[in-house]
Amino acid sequence: MQLTLEFGGGLELLCDSEKIHKVNVDLPNGVEELTMKDLLSWVRTNVIKERPEMFIKGDTVRPGVLVLVNDCDWELSGQLETTIEDKDVIVFISTLHGG
Amino acid sequence: MEANGGDSSAIVRELKELKLQKAELEHRISALEAKLQDTAALERSVAVSNGCSVVPKASGTIENGLEHGLSPDEIYRYSRQLLLPSFGVEAQSNLLKSSVLVIGAGGLGSPALLYLAACGLGRLGIIDHDVVELNNMHRQIIHTEAFIGHPKVKSAAAACRSINSTIKIDEYVEALRTSNALEILSQYDIIVDATDNPPSRYMISDCCVLLGKPLVSGAALGMEGQLTVYNHKGGPCYRCLFPTPPPTTACQRCSDSGVLGVVPGVIGCLQALETIKLASLVGEPLSERMLLFDALSARIRIVKIRGRSSQCTVCGDNSSFNKQQFRDFDYEDFTQFPLFAGPLNLLPQESRINSKEFKEILERKQQHVLLDVRPAHHYKIVSLPDSLNIPLANLEARLDELTSALKEKQEGHASTGSCTNPCIYVVCRRGNDSQRAVEYLRDWGFDSAKDIIGGLEAWAADVNPNFPTY
């Protein structure tokens, strides 16, 4: 399925300073739905180029990273269990503190 | 040259003093002018109400059916807002009765304060412990050159008064801490977080929860900004969104990572806007939503964020967080982030030299390699002559460059007949990364590596005052 991944707040530095990634993700064998949990490990393997600990901690994103599925906080759609559909836009953004 | 240098510094000092006196005079003039207008208005209103045989109030407000309580001068000053059907006199009247505290008079606070002072709040509090520096001016547009070296709060308050001498301004030249936060924040209706670090952000949010105050929170770094309203009518607090603090490596300061001036400017303006909406009770506040601003790609995205978390340790259903716990809470320890960045002390004394000692090494033409571990774009701004730039992040991968530089110096040296091995001196901007680099180099067997204490800033302060700092 085709997805748009966006990285911001400094997370783009982990993937060659590219903010927007149009990607094609295939469903794992025998799986009918892609969840955010699957997508996170796919992103870690295929998109993140350096310092993966700045993106992932345990099986989820590190503290201070907001995940938005189609402009909506993933907390509202089931976090890791959120199912992803074709053409979805997933944003990973690190919270900023400067001012 | 020496004598000229002395003369020019005296002139600069005198100029600074004169500019400050000028700013103070201008402030006094504007205050007197405002007072004159008030008196004139009072006389006018006495005349008007005498004509209508209504007894005037001492405050100058006409009591002929104007329930909103705006004075003639206020009606004139804020007329363009009163003319807005979606704002009008009621919203302005609400605004004039409200009080707002802006925490931080920096990149976000500057535009926020200017607009809040201009729009006609009742009372505006400003808190900041810092002084104005030349490298603030590109984004902290409330300050003027005359105030360099003076407290930001004094500078910001003077600017706000010169825009609007009719509002009350409270000045707090101090840092916000758990010991004073409850007392200060409790005196205001709305809190604006215009700070620049994680411990302050957690502290301010927790304090707002305890006091039941809405919090207009903005942040900016590099080319991006973020904005939301916390703790508003059942909405989330900062901890609902970020229950666990991020790792310190993910927390950058503008003074380290840089920021384009207008980026916090945009976010600060939007903070003023959200504050005005809350104070005047108009519109739809940015609660349970977050605005993400990307200046480089010209994109603004407003996303829906979670509501209040029932599990939140501060505002959740079972939270027992109280004022005493707040006073005792160590936010620096919680976030592992210092409120005030102090120098790092990683290395033993024998692994370090100060900038004056390094100057002597240069004068004695002692063989050495000077390794500058700052990022390449820092190195391009300014560097010491005859230095090798390998950024700390790439040091491991580029150790061979250091080895060959050492070899080169050694060979050059052998021809002159001396037998001491060249030392490695490591420098960075302020003397923190250079210590990390030395620690690392010594682990890899570069036993001669020493760091230059205080980095290029110390070099500029103690050896060469003409060396640019940034």
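Residues numbered from 1 in each chain as written. Chains lettered and ligands numbered in written order. Predicted model: local features only at pLDDT ≥ 70, side-chain atom pairs only at ≥ 80, totals over all residues.

Mapped onto the present numbering, the UniProt feature "modified residue: 1-thioglycine" (unreviewed entry) falls on A:G99. Contact partners of A:G99, with chain neighbours within four places excluded, come to B:G104, B:G106, B:G107, B:L108, B:A194, B:T195, B:D196, B:G218, B:A219, B:A220 and B:P264. (UniProt positions renumbered as here; feature names shortened; annotations may be inferred. Contact = placed C-beta atoms within 7 Å.)

The next thing to look at is the UniProt feature "binding site: ATP" (unreviewed entry) in chain B. Residue and element names in this part refer to chain B. This chain's UniProt record puts "binding site: ATP" (unreviewed entry) on G107, D128, N135, N136, M137, H138, R139, K152, D196 and N197. Looking at the element boundaries, D128 is found in the loop between β2 (123-127) and α6 (152-163). By the C-beta count within 10 Å, which is 26 here, D128 ends up buried. Beyond its immediate sequence surroundings of up to four residues, D128 is in contact with G104, A105, K152 and V153. Residue class for M137 comes out partly exposed when judged on the 15 C-beta atoms lying within 10 Å of it. (Helix = DSSP H or I, 4+ residues; strand = E, 2+ residues; numbered from the N terminus. Buried ≥ 20, exposed ≤ 12 C-beta atoms within 10 Å, placed from the backbone.)

Every contact between the two is made by 37 residues of chain B and, on the other side, 21 residues of chain A. Elements with a contribution of two residues or more to the side of chain B that touches chain A: α8 (198-211), β5 (215-221), β6 (224-230), β7 (289-294) and β8 (299-304) of chain B. Tallying contributions element by element places β5(B) first for the side of chain B that touches chain A, with four residues. Of the residues in the side of chain B that touches chain A, the class split is 18 nonpolar, 11 polar and eight charged. (Nonpolar A, V, L, I, M, F, W, Y, C, P; charged D, E, K, R; others polar.)

Here B:A298 shows up in the loop between β7 and β8. Sequence separation of B:A298 and B:T39 is 259 residues, and the distance between their C-alpha atoms is 49 Å.

Residues and elements named next belong to chain B. One way to put it is that helix α4 (residues 88-96) packs onto helix α11 (residues 262-280) with a least axis distance of 7 Å and a crossing angle of 100°. Taken together, the axes of α4 and α11 are roughly perpendicular relative to one another. The segment α4 lies against α11, with A91, Q92, N94 and L95 engaging I276, A279 and S280. Of the residues belonging to the contact of α4 with α11, the class tally is four nonpolar, three polar and no charged. (Axes fitted to C-alpha atoms, helices over the stretch in contact; angles between N-to-C directions. Parallel < 35°, antiparallel > 145°, perpendicular 65-115°, else oblique.)

In this model, α6(B) (12 residues) spans 17 Å end to end at C-alpha, consistent with the 16 Å of a helix rising 1.5 Å per residue. Burial in α6(B) covers these residues: B:K152, B:V153, B:S155, B:A156, B:A157, B:A158, B:A159 and B:C160. (Expected span 1.5 Å × (residues − 1).)

Residue and element names in this part refer to chain A. Within the element layout of this structure, K37 appears in helix α1 (residues 36-46). Note on K37: 14 C-beta atoms within 10 Å, which makes it partly exposed. Separated by 23 residues in the primary sequence, K37 and T60 place their C-alpha atoms 7.5 Å from one another. Here K37 is in contact with D59 and L80, once residues within four sequence places are set aside.

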